[in-house]
Amino acid sequence: SAQSALPAPVVKRLDHAGSVGQSAAALALATAPVLSRHKRVASAPPAAPGAAVLGSLTGVSGAGGMGVFLPLFLAVTLVAVTAAGIARRRRG
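Cut-offs applied
- Residues numbered from 1 in each chain as written.
- Predicted model: local features only at pLDDT ≥ 70, side-chain atom pairs only at ≥ 80, totals over all residues.
- Heavy atoms only, no water.
- Helix = DSSP H or I, 4+ residues; strand = E, 2+ residues; numbered from the N terminus.
- Buried < 20%, exposed > 50% of the residue type's maximum accessible area, 1.4 Å probe, protein only.
- Areas by Shrake-Rupley, 256 points an atom, 1.4 Å probe, with all protein chains shown as cover.
- Patch = residues over 30% accessible without salt bridge, like charges linked within 9 Å, V, L, I, M, F, W, Y side chains within 5 Å.
- Salt bridge = Lys/Arg side-chain N within 4 Å of Asp/Glu carboxyl O.
- pLDDT = per-residue confidence, 0-100.

Asker: What should I look at first to understand the overall build of the protein in this one?
Answerer: In terms of helices and strands, the protein carries 5 helices and 2 strands. Shown N-terminal to C-terminal, the secondary structure of the protein runs as helices and strands in the order α-α-α-β-β-α-α. Looking at the 92 residues of the protein, the share that counts as buried comes to 9%. Summed over its atoms, the accessible surface of the protein is roughly 7,700 Å², and 66% of this surface lies on carbon and sulfur atoms.

Asker: Even after reading the chapter, I still don't get a nonpolar patch on the surface, so can you show me in this structure?
Answerer: A contiguous nonpolar patch, built from Val-68, Phe-69, Leu-72 and Val-76 and spanning about 410 Å² of accessible area, is present on the exposed surface. Here Val-68 shows up in the loop between helix H4 (49-58) and helix H5 (69-91).

Asker: Just checking my understanding: could you explain the confidence of the model for the protein for this structure?
Answerer: Low pLDDT means the predicted coordinates in that region are not meant to be read closely. On average, residues of the protein score 77 in pLDDT, and 64% of them are at 70 or above. Model confidence for the protein, summarised as mean pLDDT per element, is weakest for strand E2 (residues 39-40) at 54 and strongest for H5 at 93.

Shown next as structure tokens:
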């Protein structure tokens, strides 16, 4: 029931809201994470947190995005800004 996906006070308020509230409770139930041993489990944590961070930084985490191009772009930008700063100091 919706009580497993929502706290009891919330279910009670939604029930008192009529058909719209009951529809909201049904939607919450239909889209709630899978329950395992009476606990909600959205996703399993990574085996090694350091590996997850490293994967995100290098673009191999599989989460989409710019991949390896983002760190490369940031490195090139850092070098360009540093070179511009050095050139400006030498001129002024």
